[in-house]
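# Observations on the model geometry
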Amino acid sequence: MSKIDTVRSEMFAAMKAKDKPRKDALSVLLTVLKNAQIDGGHELTEDEANAVIRKEIRQTQETIDMAPADRTDIREEAAARIRVYQEFVPAEMNEEQIRAVITEVLGELGISQPTAKDKGKIMKNLMPRVKGKADGKLVNQVLGTMMG
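Residues numbered from 1 in each chain as written. Predicted model: local features only at pLDDT ≥ 70, side-chain atom pairs only at ≥ 80, totals over all residues. Heavy atoms only, no water.

### Quick word on the packing of helix α5 (residues 95-109) against helix α7 (residues 136-146)
Quick reminder of the rule: Working convention: axes come from line fits to C-alpha atoms, limited for helices to the stretch in contact. Angles between N-to-C directions cover 0 to 180 degrees. Starting at the N terminus, helices and strands are each numbered in turn, a helix being any DSSP run of H or I of at least four residues and a strand any DSSP run of E of at least two. Working rule for angles: under 35 degrees goes down as roughly parallel, over 145 as roughly antiparallel, 65 to 115 as roughly perpendicular, anything else as oblique. Helix crossings fall into two classes, left-handed where the near helix is turned counterclockwise from the far one by less than a right angle and right-handed where it is turned clockwise. Working rule for contacts: check all heavy atoms of both residues, and any pair within 4.5 Å makes them a contact. Nonpolar residues are Ala, Val, Leu, Ile, Met, Phe, Trp, Tyr, Cys and Pro. Charged residues are Asp, Glu, Lys and Arg, and all others, Gly as well, are polar.
Running from amino to carboxyl end, α5 crosses α7 at an angle of 60°, the nearest separation of the two axes being 10 Å. In this view, α5 runs oblique relative to α7, as classed from their interaxial angle. Like other packed secondary-structure pairs, α5 and α7 cross with a definite hand, here right-handed. Contacts between α5 and α7 pair Glu95, Ile98, Arg99, Ile102, Thr103 and Leu106 from the former with Leu138, Val139, Val142, Leu143, Thr145 and Met146 from the latter. The class makeup of the residues in the contact of α5 with α7 is 8 nonpolar, 2 polar and 2 charged.

The structure is reproduced here in structure tokens:
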């Protein structure tokens with residue numbers, strides 16, 4: 001069952017349960033996924049669908065970050081939407097998991113003390129392994145702490 005079908009069936013379940021906030025969040029997510037599929041011209045792979053959902057989570061988080069402090073209604077609605085969206089993507093890797101993948105890549109490349117000039121080579125091998133599973137900024141941060 002595709003991610004679109006899963007979201008659609010969850011949306012119908014929310015409608016039957018008369019859970020309007022959940023139904024609204026799923027409706028937005030379904031639209032975003034369908035638009036990505038139309039733009040791509042093919043059925044979304046699991047990784048592509050996860051990337052689309054993560055992007056929607058980031059954008060919704062920006063809504064929270066930019067909303068005035070006194071607009072708790074906006075903040076709460078966006079936070080509720082994020083909780084719903086997170087049900088449809090695997091949990092992102094934490095620092096420890098990222099560090100383990102970086103160590104693996106360094107071993108394969110034969111680099112014991114990574115330096116700034118090794119960064120391009122490391123990232124080229126590292127990013128395909130963590131793409132869609134880890135936040136790029138966090139990966140960059142963890143790698144930075146491991147460099148000499």
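### Considering the nonpolar core
Formally: Put simply, a nonpolar core is a bunch of buried Ala, Val, Leu, Ile, Met, Phe, Trp, Tyr and Cys residues held in one set by side-chain atoms that sit within 4.5 Å of each other. Only protein chains enter the area calculation, which uses a 1.4 Å probe; residues under 20% of their type maximum are buried, those over 50% are exposed, and those in between are partly exposed.
Counting 21 residues, the largest nonpolar core has Val7, Leu26, Leu29, Leu33, Ile53 and Phe88 as the members making the most contacts within it. Listed by contribution, the elements that provide at least two residues to this core are α1 (3-16), α2 (20-40), α3 (46-66) and α4 (72-86). Aside from chain neighbours lying at most four places away, what touches Leu26 is Val7, Glu10, Met11, Ala14, Val84 and Phe88. Counting residues in hydrophobic clusters, the runner-up holds 17 residues, among them Ile98, Ile102, Met123 and Leu143.

### Side note on α7
Condition: Think of it as the arc spanned by the lines of direction from the helix axis to the C-beta atoms.
For α7, the set of buried residues is Leu138, Val139, Val142 and Leu143. Projected down its long axis, α7 shows its buried positions confined to an angular sector of 135°, all on one face. In α7, the exposed positions that point more than 90 degrees away from the buried face belong to Lys137, Gln141 and Thr145. Those residues of α7 that are buried lie in contact with α5 and α6 (119-130).

### Observations concerning the pattern of salt bridges
A side chain with one charge can pair with a side chain of the opposite charge if their charged atoms come near. The test is simple: When a carboxyl oxygen of Asp or Glu lies within 4 Å of a side-chain nitrogen of Lys or Arg, that pair is called a salt bridge.
The full count for this structure, using the stated rule, is 11 salt bridges. Across the salt bridge formed by Arg81 and Glu77, the nearest N and O atoms sit 4.0 Å from each other. In this pair, Arg81 and Glu77 both sit in helix α4, 4 residues apart, roughly one turn of the helix.

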